[in-house]
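One letter stands for each residue in the lines below.
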Amino acid sequence: MLNDMKMPILLVMVILLAPPLIGHAESLPSPFNARYNVVADGFKAGEMEQRLFRTNAHTYVFETEIYPTGLVALFKSDRFVERSVWTAEDGRPVPLEYTYKHTNGKSETLERLSFDWTRNLVISIREGEEIALPLEPGMMDKLVYQVALRRDLQEGAKQFNYQVADRGNIRDYHFRVVGNERLKTALGELDTVKLERVSKGDRQTFIWVATGLDYMVVKLTQIDDGHTFSSTIASLSNNPEAKGEESGG
């Protein structure tokens, strides 16, 4: 069964699972480091690490990295790394640059998006091909839109729609609140809001965000083509550089 696991689906989890950020009174994000366990059809398939830190008073970096572990690592070496550099205006994220890298030991795929707010263009470069797209106010990349999701949840929104620049296209990300649940996690029992990502086809994606952690994602479940993939939070720290001082486990 392990040979048949779809490791590329982990990239989908990266896109969806990245947690809304722990904020303060001004709704600006604080540094954090989080780790998640990824399970595919009942087997642990990998882990995901996420970090957010500030490079200066106005610029933030949000990184996520996912890789196989255990028995899956014997068959797959795929590693996915995403990085978003962004700033904030009026408490809303404004992307500056996004990079995506996929390595598997034999090859490497690299994509870079540059957001030129002066010319109102987003430039996508992937495998040497350059595509220019119109840049509209409020447009985001595949990581930083979750900062807006956190704030919208805090403000009581029940449905969400974000325009996201993705691989030379502009895509709409839709979410809706479907209920409330209390979950047992490595961080203890947490009160959560359950979200559904609204998409075409048979794929179902559900996300649980913890109200006591400023709507951080603590669980994701995806059902696709007869397979069930889930990710749950394993540890959390407010210091992205202190991996050995995390809580939980």
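Going by the structure above, here's the rest.
Structure report, in brief.

Focus on the pairing of strand S2 (residues 43-54)
Then comes step 1: With nine bridges joining them, strand S1 (residues 32-40) and S2 adopt antiparallel strand pairing. Counted as the bridge partner of Asn33 is Arg51 from S2.
Then comes step 2: Between the antiparallel neighbours S1 and S2 lie two residues, among them Asp41 with a positive phi of about 50°.
Then comes step 3: The pairing of S2 with strand S3 (residues 60-68) spans nine bridges and is classified as antiparallel. Residue pairing for S3: Phe53 is matched across the bridge by Val61.

Overview of the side chain of Lys194
Then comes step 1: Relative to the helices and strands, Lys194 resides in strand S11 (residues 188-198).
Then comes step 2: Assessed through its relative accessible area of 19%, Lys194 is described here as buried.

With respect to the packing of aromatic side chains
Then comes step 1: On inspection of all chains with the given rule, the structure shows six aromatic pairs.
Then comes step 2: Ring geometry for Tyr145 against Tyr173: centres 5.1 Å apart, planes inclined by 85°, an arrangement best described as edge-to-face. Remark: Tyr173 occurs in strand S10 (residues 169-185) and Tyr145 occurs in helix H3 (residues 145-154); sequence separation between them is 28 residues. Here Tyr145 and Tyr173 have matching classes, each one buried.
Then comes step 3: Taken together, the aromatic side chains of Tyr145, Tyr162, Tyr173 and Phe175 make up a single cluster linked through ring pairs.
Then comes step 4: The residue whose ring lies beneath Lys142 is Tyr100, and the NZ or CZ to ring-centre distance is 5.5 Å.

Definitions and cut-offs
Residues numbered from 1 in each chain as written. Predicted model: local features only at pLDDT ≥ 70, side-chain atom pairs only at ≥ 80, totals over all residues. Heavy atoms only, no water. Pairing = 2+ DSSP bridges. Helix = DSSP H or I, 4+ residues; strand = E, 2+ residues; numbered from the N terminus. Buried < 20%, exposed > 50% of the residue type's maximum accessible area, 1.4 Å probe, protein only. Phe/Tyr/Trp six-rings, centres within 6.5 Å; stacked < 30°, edge-to-face > 60°. Lys NZ or Arg CZ within 6 Å of the ring centre and 35° of its normal.

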